[in-house]
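These are the residues of each chain, in order.
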Amino acid sequence: PPSGVAVATGYGAGTRELADRPNVVRLTVTRPCAASSELVEVVANVDDANPELWPFVLERLLALGALDAWIVPIVMKRGRPAVQVAALVSAELRGAASELLLRETTTLGVRFRAVAREVLDRRSERVQTPYGEVEVKLGLRAGRIWNLAPEHTSVRAAAERTGAPLKDVYAAAIAAAAARGLLPEPP
């Protein structure tokens, strides 16, 4: 079936009798997802690397074009502590991400897993706070706001510029967004 979100399904039956199949039809009406894409998760388990490598490896994966990159603590065979390093990439970047992990870490192998993802439409707005202008990110579906989050780098810059606590700038950005009617709408 086509990708998308089902909004209605209907069934119908005809009067003609067919010997080899039922004379019925099903129709499903869908609307496209805000954005849907087929991606690849590139993963390696590593139990013998210096932990100081990980920030650099994550930065390199993101610079390569990974949509996301992360590290998860795991326990491997014989109870050895380790990390799982992973990146979400387009199919075109699978080989480059694999090569990066093999070159920059101590892993001897990399696994791949096809994944699907659905994302909200995104829009940024600038709001005025007592600490200066701060950017907020909006997640939208069908033009309605579903999520709101102050942009961390913008919040941090305002906090550093003014000497205010980061949490205060963050809260002020949400309050300013609310004052402009930018809060998520109820379903």
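Shown above is the structure to which this text applies.
The following paragraphs examine the structure supplied in this document.

Reading the values: rules and limits
Residues numbered from 1 in each chain as written. Predicted model: local features only at pLDDT ≥ 70, side-chain atom pairs only at ≥ 80, totals over all residues. Heavy atoms only, no water. Patch = residues over 30% accessible without salt bridge, like charges linked within 9 Å, V, L, I, M, F, W, Y side chains within 5 Å. Areas by Shrake-Rupley, 256 points an atom, 1.4 Å probe, with all protein chains shown as cover. Salt bridge = Lys/Arg side-chain N within 4 Å of Asp/Glu carboxyl O. Helix = DSSP H or I, 4+ residues; strand = E, 2+ residues; numbered from the N terminus. Buried < 20%, exposed > 50% of the residue type's maximum accessible area, 1.4 Å probe, protein only. Arc of directions from axis to C-beta. Pairing = 2+ DSSP bridges. Axes fitted to C-alpha atoms, helices over the stretch in contact; angles between N-to-C directions.

### Description of a nonpolar patch on the surface
In step 1: Residues Tyr170, Ile174 and Leu183 make up a contiguous nonpolar surface patch of roughly 240 Å² in combined accessible area.
In step 2: By secondary structure assignment, the location of Leu183 is in the segment after helix H4 (166–179).

### Side note on helix H2 (residues 94–104)
Along an α-helix, a turn takes 3.6 residues, which lines up residues three or four apart on a common side.
In step 1: Looking at H2, one finds that the buried residues are Ala97, Ser98, Leu100, Leu101 and Glu104. Considered in projection along H2, the buried side chains sweep an arc of 160 degrees and stay on one side of the axis.

### Overview of the sheet that holds strand E9 (residues 144–150)
What holds strands together in a sheet is hydrogen bonding between their backbones, with the strands either parallel or antiparallel.
In step 1: The strand order E7-E8-E9 describes an open sheet built from three strands, whose pairing is antiparallel. Only two strands of the sheet have a single neighbouring strand rather than two, namely strand E7 (121–129) and E9. Across the sheet, the mean angle separating the axes of adjacent strands is 30 degrees when strand polarity is ignored.
In step 2: As judged from the nine bridges shared by E7 and strand E8 (residues 132–141), these two strands associate in the antiparallel manner. Bridging from a neighbouring strand, Gln128 pairs with Glu133 of E8.

### Section: the pattern of salt bridges
In step 1: Under the counting rule described, the total for this entry stands at 14 salt bridges.
In step 2: Residue Arg126 is joined to Glu135 by a salt bridge in which the shortest nitrogen-to-oxygen separation is 3.5 Å.
In step 3: A relative accessible area of 41% means that Arg126 is categorised as partly exposed.
In step 4: The exposure class of Glu135 is partly exposed, given its relative accessible area of 22%.
In step 5: In this structure, Glu185 engages Arg144 in a salt bridge whose closest nitrogen and oxygen atoms are separated by 3.2 Å. Of this pair, Glu185 sits in the segment after H4 while Arg144 sits in strand E9; the two residues are 41 residues apart in sequence, bridging distant segments of the chain.
In step 6: With relative accessibility at 31%, the residue Arg144 sits in the partly exposed group.
In step 7: Taken together, the shared-partner salt bridges connect Arg60, Glu99, Arg103 and Glu104 into one network.

Everything listed is a geometric property; what it means functionally is a separate question.
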